[in-house]
Amino acid sequence: SLTDKAVETRFAPLKVSGRFALNGDVLTGDVGAGPSGPVATAQVTHDIASGRGRAVLAPSTLTFAPDGLQPVQLSPAAALLTKVSGAAQASATVTWTKESLDGVASVSTQGLDLTTPAGRLTGLKGAVDLTSIVPALVTAPDQHLTAARLEAVTPLTDLDLRFSMNGDAITLGAASATLAKGKATLDPMTLSLAPNAPLNGTLRLADVDLGEIVAGFNLSDSVTIQARIEAQLPFNLSP
């Protein structure tokens, strides 16, 4: 059983199994790991004398299902993403010495469906390159994800997101979507991942059909609106 001993929760406990061979001071072997059984295998090399080693996860496919593997079982950072279904490809390299532990990873998908705090998201595509996975999750700049649809009160389609992550915060460079036959965009903003952190930003609407939005609130029987709106909506979300 492999458990992260850091004070903050970074990784969920994993079951690890494998076979090693010892040649002089060098250990080599293949190790499988997963929440309850291996979902991926890494090649491990460790020099006992120097304390240096590395583990390499070759490109592997992880298959998620609502009643099976979920991202939160691999990292608590994914706790807000539930009922994930579909496949993702992942690769990683972790290196260590007696004094340090470093790692990089890459994750991509050609189609994931998942539930977020904002609603059900379908058709998520893209790739994320992580320049650090320990001690904190850090991405390369300008990561790009797209999604086909977000089921909100008024559905969003053709979502496009550019962002970067640095440990306890996500920097949103650009975010846009089609909303009620118009366009919705978010100004660049920083989202803190700290518990109960406030969120401030500005939402911009262009050529949005207000009648479709009203229909989403089940008011179409009593209210009929024909209007296209342009709007700038600053917002502040507290705990």
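How each quantity is defined
- Residues numbered from 1 in each chain as written.
- Predicted model: local features only at pLDDT ≥ 70, side-chain atom pairs only at ≥ 80, totals over all residues.
- Heavy atoms only, no water.
- Helix = DSSP H or I, 4+ residues; strand = E, 2+ residues; numbered from the N terminus.
- Buried < 20%, exposed > 50% of the residue type's maximum accessible area, 1.4 Å probe, protein only.
- Polar contact = N/O pair within 3.5 Å; in protein donor to acceptor, adjacent residues only side chain to side chain.
- Contact = heavy atoms within 4.5 Å.
- pLDDT = per-residue confidence, 0-100.
- Core = buried A, V, L, I, M, F, W, Y, C linked by side-chain atoms within 4.5 Å.
- Salt bridge = Lys/Arg side-chain N within 4 Å of Asp/Glu carboxyl O.

Undergrad: Sorry if this is basic, but what is going on with the side chain of Gln70 here?
TA: For Gln70, the location among the structural elements is in the loop between strand S4 (52-64) and strand S5 (82-96). Judged by relative accessible area, which is 10%, Gln70 ranks as buried. Of note is the side chain of Gln70, whose polar atom sits 2.7 Å from the backbone oxygen of Ala65. If sequence neighbours within four positions are ignored, Gln70 has contacts with Phe64, Ala65, Thr82, Lys83 and Val84.

Undergrad: Looking at this structure, how should I read the confidence of the model for the protein?
TA: For the protein, per-residue confidence averages 91 on the pLDDT scale, and residues scoring 70 or more make up 99% of the total. Within the protein, strand S9 (residues 143-151) carries the highest mean pLDDT (97), whereas helix H1 (residues 210-216) carries the lowest (81).

Undergrad: Any chance you could explain the side chain of Thr109 here in plain terms?
TA: Position of Thr109 among the secondary structure elements: in strand S6 (residues 101-116). Within the structure, Thr109 has its side chain in polar contact with the backbone nitrogen of Gly111 (distance 3.0 Å). Filtering out sequence-adjacent residues up to four positions away, Thr109 remains in contact with Ala87, Ala88, Gln89, Leu124, Lys125 and Gly126.

Undergrad: Explanation requested: the environment of Ser75 in the structure shown.
TA: By the secondary structure assignment, Ser75 is in the loop between S4 and S5. Take Ser75: its relative accessible area is 15%, and that puts it in the buried class. Distance in space between the C-alpha atoms of Ser75 and Ala12 is 5.6 Å, their sequence separation being 63 residues. Ignoring any residue separated from it by four or fewer positions in sequence, one finds Ser75 in contact with Arg10 and Leu137.

Undergrad: I tried to follow the nonpolar core on my own but got confused; where do I start?
TA: Across soluble globular proteins, nonpolar side chains have a tendency to be buried as a group. Core analysis: the largest hydrophobic core is formed by 35 residues, its most contacted members being Phe64, Leu121, Leu124, Leu159 and Leu179. Where this core is concerned, the elements lending two or more residues are S4, S5, S6, strand S7 (119-132), S9, strand S10 (156-165), strand S11 (169-179) and strand S14 (199-209). Sorting elements by how many residues they give to this core places S5 first, with five residues. What Leu179 contacts, discounting residues up to four positions off in sequence, is Thr154, Pro155, Leu156, Ala184, Leu205 and Val208.

Undergrad: Where do I start with the pattern of salt bridges in this structure?
TA: Per the counting criterion, the structure on display carries five salt bridges. Here Arg162 makes a salt bridge to Asp142, at a shortest N to O gap of 3.5 Å. Taken as a pair, Arg162 in strand S10 and Asp142 in the loop between strand S8 (138-139) and S9 lie far apart in primary sequence, 20 residues in all. On the accessibility criterion, Arg162 (31% relative accessible area) is partly exposed. Among the salt bridges present, the one from Arg228 reaches Asp207, with a minimum N-O distance of 3.9 Å. Remark: Asp207 occurs in strand S14 and Arg228 occurs in strand S15 (residues 228-237); sequence separation between them is 21 residues. For Asp207, a relative accessible area of 38% puts it in the partly exposed group.

Undergrad: Sorry, what's going on with unusual backbone geometry here?
TA: The bulk of non-glycine residues show a negative phi, and the bulk of peptide bonds are trans. The omega torsion of the bond from Val134 to Pro135 falls at 0°, within 30 degrees of zero and hence cis. Locating Pro135 in the fold gives a position in the loop between S7 and S8. One non-glycine residue, Ala180, adopts positive backbone phi at about 45°. Here Ala180 shows up in the loop between S11 and strand S12 (182-186). For Ala180, a relative accessible area of 5% translates into the label buried. The backbone of Lys181 shows a phi angle near 70°, a positive value even though the residue is not glycine. Note that Lys181 resides in the loop between S11 and S12. Residue classification places Lys181 among the exposed residues on the basis of a relative accessible area of 54%.

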